[in-house]
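Tertiary structure, described
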Amino acid sequence: MDFDELVELATGHGAYDYQRRVAMEGLPELLRVPTGTGKTLAIVLGWLYRRRHHPDPAVRAAIPHWLVFVLPMRVLVEQVHAMARDWLDRVAPDVDVHVIMGGEGVRDSRWLLNPGRDTVVIGTVDMLVSRALNRGYGESRFIWPVAFGLLNAGCAWVFDEVQLMGPALPTSRQLQALRRDLGTPAPCTSTWMSATVEPSQLQTVDSGSVGSTIELGVDDRDGPLVRRLGASKMVRSLELDPDHRARSLADQLLSEHKPGTRTIAVMNTVKAAVDLWREISRLSGAVDVVLLHSRFRPPDRQDHTARALEDVDANGPGRIVVSTQVLEAGVDITSATLYTEAAPWPSMVQRAGRCNRSGEAEDAVLLWSEPAKPAPYEAGDIDAAGAALSHLEGRQVTPEDMGGQGVAVTEVIHPVLRRRDLVGLFDTTPDLSGNDLDVGRFIRAPGGLDVAVAWWDLAGTPPEERPLPSREERCPVLVGDLRAALGSRGAARAAWRFDHLDESWVVCRAEDVRPGGVVVLRALDGGYDPEIGWDPGGRHPVDELGQGASDQDLSDTAVSSDPATFDREWLALRRHLEDVEREVRSLADQLALTGLSEDLLEAAAVAGRLHDLGKAHHVFQEMLLGPVRGDESRLAELSAGGPWAKSAHHGGRYPRDRRHFRHELASALALLGDGGGALADVVERDLVVYLVAAHHGRVRLGIRSLPEDGRPSEGLAALGVWDGDVLPAVEVPGLVIPAQTLDLQAMGIGLDPSGHRSWTELALTLMDRGDLGPFRLGFLEALVRVADWRASAGVSQDEACHA
């Protein structure tokens, strides 16, 4: 079908001319059109048309199979998800749509099992850009490399409302330039969208002038968009009582509100919005009053958003929506009356776009006043916006009138992601104090980063087996706000975080709060209200949402955990190795991996064949057989049938002195030793060994002993493996690898006297190669690991996994 037919089937109405150009010319680097003119449709259906319906097969084959849609706020994520799913259900129901918001359960993460499927991935700047940098917020550190590998290969990235992205804007530009310079397994593209951004704002040190740009043309301005483009509103200022701002503003807004319509008030801070909501709620009578900001748990946020967007009864008292910047961009909502505090001019243009959005109101009004304090904005930007609005006082203005004012905005200098930064982030091992390289400076301005907070009914420390909070339980809170709440005297607020080394919940102090982390508070201590959201001063007990809200578990949050080992049935090691090799080859065939040579792909397949050699180790086999000890006949039967890759029983535990045992380290050491004969015909031997070691995210650029590692006398130990351990002979597809003694000399630095290379040297040499680099190497890691997951889960090649 042609693009117009596709749009008609998906939406019930026709396409705009600029949307056709996106579909025919391709997703541009810059899409600059006024708010409310259908950018999301242009991108989603434009991508789908080029991927599925373009008449040229070469064009279809070249379009990335994943569309990654990045938005500045969670409320926009939910709205874009709903629109995309609705359109695709009508024209392409087999295309998956997934939301990345942190706290994904097992089912929520199944999109990773199908990297070859056409998929739309939607998330906030924090969630998606952090994953592209190998530091996924709200995600286990041991999963970071999977998302990093997949999201930097064969993806069309789209960054919407870039004027709100802060440091993530230059970061996104640098990421695209680094993909170009370092190479990727499959081509990646990036598109930036906004009604107000200037091309000069997209220039970075490695990414100069903007390439293709699409804007409205003559046919758009003279066509169906003419009414929307000409929608006007009267600009008027309000004088507020400086001693009682919230009450004074509430009185005036109720006076200005027209029955049967929607009024919107946009405040610059959550506190200002909450204070105004309280005053209007006290005075409003029958008028429905809704509070919207970003500090709600998802079910409450969805409920408030649905109430705000619900059609207003023209014969009723109407509705007043009090909001922060969450309504500033992207949300398809309109009002007859809109009030806003003065803000930087791009924000004013966006906010004004929520007033008389479709041009249906004849007496729409845009009200404004100076904020009590400039924060979180620059004082000069507030003054410049106030001067421009004063110049427009009493005039009717359209969206293009607002956009054409040419109001200066303070240029902010953000940290710039460079090649050395990206290379440094490839290593996901924390330092000796447990800290990681911080990516927050590349994503949000100082003070703008979140931590996820959940409330549980607890008398003491959460039990070790308690799952991490699900996404429904998590309330985003500014890192600084939570630190202040935990550090304030007399707060009596207990908090916990999960420690991946202790493999248990530990007390979380104010200084332990990190961006993207997950913290549990005691419900009895308060701190949240369904109507207000995060409320650090509140002392009413918080309702716990319940453990059953998600199927997430602690599967990949602890060093020694490996939940896929415990399955519905016993599975022989040889059979599992066959299954994983087959899945690697199947996935490689599905994907158009034009940036990887045959030798590199063959190395990934061989790694799949050999990845679990270390499971033959006696420590692993004894752990698997532990639950059946006491049933001598069953134990004898299983012992004779091994070695096993998976057990039908849960509850197996490693001995205390081997508590962090990692079978993949034993596998890699075997291949570095006598087991290396299995690689005699392999061109990329070092790569095979690296992929084997890295397939659980615990061993990557270094091999490190942990404080709890037991040690043999006078010997080395790391991750539960002891120098001198004997790995028995292992049958793998096509050959038998002989028994051997494991050697941990690779833990050293440089060459030891016997000529052994260090593990770090091997890994860094691979990453520094021109035909590999961080993006290709990360993808090959993800390929082997996803194949392992698929084989373990019994996922067939053609299985459909819908969100």
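Predicted model, so just to flag it, every value in this text is computed and none were measured.

A few words on the overall build of the protein chain. Secondary structure summary: the protein chain contains 26 helices and 29 strands in total. The globule rule puts the C-alpha radius of gyration for 803 residues at 28 Å, and the 28 Å found for the protein chain is close to it. Taking the principal axes of its C-alpha atoms as reference, the protein chain extends roughly 85 × 65 × 45 Å. Across the 803 residues in the protein chain, those meeting the buried criterion constitute 59%. The contacts in the protein chain between residues at least 6 apart in sequence include a share of 76% that link residues at least 24 apart. By element, 50% of the accessible surface of the protein chain is carried by carbon and sulfur atoms, the whole surface being about 30,700 Å². Computing the positive centroid from 83 side-chain charges and the negative centroid from 117, the protein chain places the two 2 Å apart.

What follows covers the sheet that holds strand S13 (residues 365-369). The strand order S10-S11-S9-S12-S13-S8-S14 describes an open sheet built from seven strands, whose pairing is mixed. Strands with a single pairing partner mark the edges of an open sheet, and in this sheet they are strand S10 (288-292) and strand S14 (396-397). Contacting strand S9 (262-266), S10 and strand S11 (319-323), helix H13 (residues 298-309) runs over the sheet at an angle of about 130° to S10.

To continue, consider the side chain of Thr340. Its location among the elements puts Thr340 in strand S12 (residues 337-341). Exposure remark for Thr340: the relative accessible area of 1% places this residue in the buried category. For Thr340, the contacting residues outside a window of four places in its chain are Val266, Met348, Arg351, Leu366, Leu367, Trp368 and Ser369.

This paragraph deals with the nonpolar core. Of all hydrophobic cores here, the largest spans 168 residues; its most connected members are Val322, Leu610, Val688, Tyr690, Trp759 and Leu780. Per-element tally for this core: the top contributor is helix H26 (residues 773-793), with 11 residues. Excluding its chain neighbours within four sequence positions, the residues that come into contact with Val322 are Ala265, Met267, Ala273, Leu276, Trp277, Ile280, Val289, Val290, Leu291 and Leu292. Of all hydrophobic cores here, the second largest spans 78 residues; its members include Tyr18, Leu41, Leu225 and Leu338.

Okay, the pattern of salt bridges next. Applying the stated criterion across every chain, the model contains 50 salt bridges. Linked by salt bridges that have partners in common, Asp4, Asp17, Arg20, Arg21 and Asp220 make up one network.

Below, the discussion takes up the pairing of strand S4 (residues 119-124). In terms of burial, S4 is a largely internal element, six of the six residues being buried. Side chains Thr119, Val121 and Gly123 of S4 all project onto a buried face; the interleaved residues Val120, Ile122 and Thr124 project onto the opposite face, where all are buried too. The pairing of strand S2 (residues 66-71) with S4 spans six bridges and is parallel. Bridged to Leu67 within S4 is Val120. Relative to S4, strand S3 (residues 96-100) is paired through five bridges, and the arrangement is parallel.

Now for the side chain of Ser792. Examined against the element boundaries, Ser792 turns out to sit in helix H26. A distance of 3.0 Å separates a polar atom in the side chain of Ser792 from a polar atom in the side chain of Lys646. Contact partners of Ser792, with chain neighbours within four places excluded, come to Ala564, Asp567, His576 and Lys646.

All right, on to the sheet that holds S3 then. Picture the strands of a sheet paired through backbone hydrogen bonds; they go either parallel or antiparallel. Overall, parallel pairing links the seven strands, which are arranged S3-S4-S2-S5-S6-S1-S7 in an open sheet. For this open sheet the edge positions go to S3 and strand S7 (213-215), each flanked by a neighbour on one side alone. Ignoring strand direction, the axes of neighbouring strands in this sheet form an average angle of 15°. Contacts from helix H8 (residues 168-182) reach strand S5 (155-159) and strand S6 (189-194), with the element oriented near 160° to S6.

A complete count under the given rule lists 12 aromatic pairs for this structure. Aromatic pair Trp455 and Trp534: ring centres 6.3 Å apart, planes at 40°, arrangement tilted. Here Trp455, found in strand S15 (residues 450-456), pairs with Trp534, found in strand S21 (residues 533-534); they are 79 residues apart in sequence, far enough to count as distant. Relative accessible area serves as the criterion here: at 9%, Trp534 is assigned to the buried category. An aromatic cluster of at least three residues, connected via ring pairs, comprises Phe148, Phe426 and Phe775. Arg700 extends its terminal NZ or CZ atom over the ring of Phe426, reaching a point 4.4 Å from the ring centre.

One way to put it is that helix H20 (residues 598-610) packs onto H26 with a least axis distance of 9 Å and a crossing angle of 35°. The hand of the H20/H26 crossing is right-handed. Each of Leu600, Leu601, Ala604 and Ala607 in H20 lies in contact with H26, whose residues at this interface are Leu780, Leu783 and Val784. Here the contact of H20 with H26 is built from residues that sort into seven nonpolar, no polar and no charged.

This part covers helix H2 (residues 17-25). Of all the residues in H2, the buried ones are Tyr18, Gln19, Val22 and Ala23. Along the axis of H2, the buried residues cluster in a sector spanning 145°; they form a single face. Turning to H2, the residues buried within the fold contact helix H1 (3-11), strand S1 (30-32), helix H3 (39-53), S7 and helix H9 (218-221). Looking one or two residues past H2, Gly26 carries a phi angle of roughly 105°, positive in sign.

In this section: unusual backbone geometry. At the junction of Ala375 and Pro376, the peptide bond is cis and its omega measures out at 15° in the coordinates. Locating Pro376 in the fold gives a position in the loop between S13 and helix H15 (379-391). Going from Gly642 to Pro643, the amide bond is cis rather than trans, its omega being 0°. Its location among the elements puts Pro643 in the loop between helix H22 (632-641) and strand S23 (644-646). With phi around 50°, Asn356 is a residue other than glycine that occupies positive phi space.

Okay, the environment of Gly527 next. When you line up the elements, Gly527 lands in the loop between strand S19 (518-522) and strand S20 (528-529). Using a relative accessible area of 0% as the deciding quantity, one classes Gly527 as buried. Remark: the alpha-carbon pair of Gly527 and Val451, spanning 76 residues in sequence, is separated by 14 Å.

Of all 10 residues in helix H23 (residues 663-672), nine are buried; the element is thus mostly enclosed. Taken together, the buried positions of H23 are occupied by His663, Glu664, Leu665, Ala666, Ser667, Ala668, Leu669, Ala670 and Leu671.

What follows deals with the environment of Pro34. Locating Pro34 in the fold gives a position in the loop between S1 and H3. Among all residues touching Pro34, those that are not within four sequence positions of it are Ala195, Leu216, Leu229 and Glu400.

What follows is about the pairing of S10. Across the five residues that make up S10, a large majority, four, are buried. Here S10 pairs with S11 via five bridges, running parallel. Bridge assignment links Val289 to a residue of S11, and that residue is Ile320. Following the backbone out of S10, through H13 and into the adjacent parallel S11, one traces a crossover that is right-handed.

Among the secondary structure elements, Leu601 is positioned in helix H20. Judged by relative accessible area, which is 15%, Leu601 ranks as buried. A sequence separation of 83 residues divides Leu601 from Glu684, and the C-alpha atoms of the two residues are 9.5 Å apart. Residues in contact with Leu601, not counting those within four places in the same chain, are Ala588, Leu593, Leu596, Leu780 and Leu783.

Reading the values: the criteria
Residues numbered from 1 in each chain as written. Predicted model: local features only at pLDDT ≥ 70, side-chain atom pairs only at ≥ 80, totals over all residues. Heavy atoms only, no water. Helix = DSSP H or I, 4+ residues; strand = E, 2+ residues; numbered from the N terminus. Rg over C-alpha atoms; globule rule 2.2 N^0.38 Å. Buried < 20%, exposed > 50% of the residue type's maximum accessible area, 1.4 Å probe, protein only. Contact = heavy atoms within 4.5 Å. Areas by Shrake-Rupley, 256 points an atom, 1.4 Å probe, with all protein chains shown as cover. Lys, Arg positive; Asp, Glu negative; His and termini not counted. Charge placed at Lys NZ, Arg CZ, Asp CG, Glu CD. Pairing = 2+ DSSP bridges. Axes fitted to C-alpha atoms, helices over the stretch in contact; angles between N-to-C directions. Core = buried A, V, L, I, M, F, W, Y, C linked by side-chain atoms within 4.5 Å. Salt bridge = Lys/Arg side-chain N within 4 Å of Asp/Glu carboxyl O. Polar contact = N/O pair within 3.5 Å; in protein donor to acceptor, adjacent residues only side chain to side chain. Phe/Tyr/Trp six-rings, centres within 6.5 Å; stacked < 30°, edge-to-face > 60°. Lys NZ or Arg CZ within 6 Å of the ring centre and 35° of its normal. Left-handed = near helix turned anticlockwise from the far one by under 90°. Nonpolar A, V, L, I, M, F, W, Y, C, P; charged D, E, K, R; others polar. Arc of directions from axis to C-beta. Right-handed = clockwise from strand over helix to strand, strands pointing away.

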